[in-house]
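Architecture and fold: a report
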Amino acid sequence: MVFFFTPRHADEGFSIFMGRDKFENEELIRYGLPEDLWFHVDALSSAHVYVRLPEGKTIDDLPEGVLEDCCQLVKANSIQGNKKDNVDVVYTMWANLKKRPTMEVGEVGFHRPNEVRRGVVAPRGKA
């Protein structure tokens, strides 16, 4: 079951979805669309989070609030990453994901590593 989220700026046509495990992540990798933007915690296991960009929008048009929502989701859905204060997140367009038959379920590489962008999820506020 894929999870859907309503991000900030949903009124502008952005939508977020996420697989709940590596098998759903694999399905999302397989059936992504060119307008999908992929997010993952860097170098740790995490959920795959996607943003479906509205027609005519590019990665450069992603509002800061949607970027933050996606980064928080991948961090929150990473067993190891959720325990850390500062977590690096990578994101790129779905078309840049590379899947080889020898890769594990849910694992991906990149066709063009120079097109992968990075963000950092800052520490959570203490309650």
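Below is a summary of the structure that appears in this document. (Residues numbered from 1 in each chain as written. Predicted model: local features only at pLDDT ≥ 70, side-chain atom pairs only at ≥ 80, totals over all residues. Heavy atoms only, no water.)

**Describing the nonpolar core**
A general tendency of soluble globular proteins is for nonpolar side chains to be buried together. Ranked by internal contacts, the top residues of the largest apolar core, which has 22 residues, are Leu37, Phe39, Val49, Val51, Leu62 and Cys70. The biggest single contributor to this core is helix α2 (residues 64-76), with six residues. Apart from the residues within four sequence positions on either side, leucine 62 is in contact with Phe14, Leu37, Phe39, Val51, Leu53 and Leu67. Core analysis: the second largest hydrophobic core is formed by nine residues, Phe17, Leu28, Val108 and Val116 among them. (Core = buried A, V, L, I, M, F, W, Y, C linked by side-chain atoms within 4.5 Å. Buried < 20%, exposed > 50% of the residue type's maximum accessible area, 1.4 Å probe, protein only. Helix = DSSP H or I, 4+ residues; strand = E, 2+ residues; numbered from the N terminus. Contact = heavy atoms within 4.5 Å.)

**Considering the environment of glutamate 55**
Looking at where glutamate 55 falls in the secondary structure, it is placed in the loop between β4 (49-52) and α2. On the basis of relative accessible area, glutamate 55 is assigned to the exposed category, the value being 84%. Residues glutamate 55 and asparagine 77, spaced 22 residues apart in sequence, show a C-alpha to C-alpha distance of 28 Å.

**A word on the environment of lysine 98**
Residue position: lysine 98 is located in strand β6 (residues 97-98). Among the residues examined, lysine 98 registers a relative accessible area of 22% and is labelled partly exposed. Between the C-alpha atom of lysine 98 and that of isoleucine 29, which follows or precedes it by 69 residues, the distance is 9.1 Å. For lysine 98, the contacting residues outside a window of four places in its chain are Met103, Val108, Gly109, Phe110 and His111.

**Topic: the pairing of strand β3 (residues 36-41)**
On a regular strand, one side chain projects to one face of the sheet and the next to the other, so that they alternate. In terms of residue burial, β3 counts as a mostly covered element, since six of its six residues are buried. Taking every second residue as pointing to the same face, both faces of β3 are buried, with Asp36, Trp38 and His40 on one and Leu37, Phe39 and Val41 on the other. Sheet topology places β3 next to β4; four bridges connect them, and they run antiparallel. Paired with tryptophan 38 across the strands is tyrosine 50, a residue of β4. Here β3 runs beside strand β5 (residues 87-93); their pairing, made up of five bridges, is antiparallel. When the sheet's bridge partners are listed, histidine 40 is paired in β5 with valine 90. (Pairing = 2+ DSSP bridges.)

**Details of unusual backbone geometry**
Unusually for a residue other than glycine, histidine 9 sits at a positive phi of about 70°. For alanine 43, which is not glycine, the phi dihedral falls at a positive 65°. One can find alanine 43 in the loop between β3 and β4. Classification of alanine 43 as exposed rests on a relative accessible area of 75%.

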